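Below are the chains, spelled out letter by letter.
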Amino acid sequence: MLCDRHADCPQPGDTVQLKSGNSIGAKDSDSYVLVEDFPRTGRHLVLNLPVGHPAHDDWAAAVPLEEIATLTRLEPAGSRTWTPVPDPDALQ
C-alpha cells in the first residue's frame with residue numbers, strides 16, 4: 001500500500017486521523033504519524049505519536065486502513081488532506 005507511484009497512496013510522514021470507534025481507542029481528533037504498512041499488503045498501517053509527544057519513543061500501533069479517517073501530507077505547494085480508498089484486491 002505504501003508506494004511512491006501514486007500520490008493518493010499513504011506515505012511515511014503523512015499525518016493520520018482515525019475514525020471514531022477505532023481499534024486502538026483513539027479520539028477522532030488525535031493525530032498520528034504514518035510509519036509503514038504491515039504486513040506489506042497494506043492491510044494495516046503502523047502509526048507513531050507525533051514528534052514532541054512525551055511517549056513518542058515508546059509507542060506504536062497498527063490499524064486497518066478502513067479505520068483511517070484522513071491523511072494529510074505537507075507538499076512544496078502546501079498541504080492536502082484526503083480519505084484513503086482501500087484497494088479492492090487488498091480487502092479479499
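Being a predicted model, the structure only gives us computed values, none of them experimental.

### Some points on the packing of aromatic side chains
Applying the stated criterion across every chain yields a total of 1 aromatic pair. Arranged with centres 5.3 Å apart and planes meeting at 25°, the rings of Tyr32 and Trp59 form a pair that is stacked. Taken together, the residues Tyr32 in strand β2 (residues 32-37) and Trp59 in the loop between β3 (44-48) and β4 (60-64) connect sequence positions 27 residues apart. A residue is classified by how much of its surface remains accessible, and Tyr32, at 6% relative accessible area, is buried.

### Overview of the pairing of strand β5 (residues 68-75)
In terms of strand pairing, strand β1 (residues 15-18) meets β5 through 4 bridges, oriented antiparallel. Among the inter-strand pairings, Val16 is bridged to a residue of β5, identified as Leu71. Summarising the sheet, β5 and strand β6 (residues 78-82) pair through 5 bridges and their orientation is antiparallel. Along β6, the bridge assignment pairs Arg73 with Arg80.

### Remarks on the sheet that holds β3
Across the sheet, which stays open at both edges, the 6 strands sit in the order β4-β3-β2-β1-β5-β6 with antiparallel pairing between neighbours. The sheet is open, and its two borders are formed by β4 and β6, each paired with just one other strand. Taking the axes of each pair of neighbouring strands and ignoring which way they run, one obtains an average angle of 35° across the sheet.

### As for the nonpolar core
If you look at the biggest cluster of nonpolar residues, it comprises 13 residues, and the most contacted ones within it are Val16, Leu18, Tyr32, Leu47 and Ile68. Breaking this core down by element, the ones donating at least two residues are β1, β2, β3 and β5.

How each quantity is defined
Residues numbered from 1 in each chain as written. Predicted model: local features only at pLDDT ≥ 70, side-chain atom pairs only at ≥ 80, totals over all residues. Heavy atoms only, no water. Phe/Tyr/Trp six-rings, centres within 6.5 Å; stacked < 30°, edge-to-face > 60°. Helix = DSSP H or I, 4+ residues; strand = E, 2+ residues; numbered from the N terminus. Buried < 20%, exposed > 50% of the residue type's maximum accessible area, 1.4 Å probe, protein only. Pairing = 2+ DSSP bridges. Axes fitted to C-alpha atoms, helices over the stretch in contact; angles between N-to-C directions. Core = buried A, V, L, I, M, F, W, Y, C linked by side-chain atoms within 4.5 Å.

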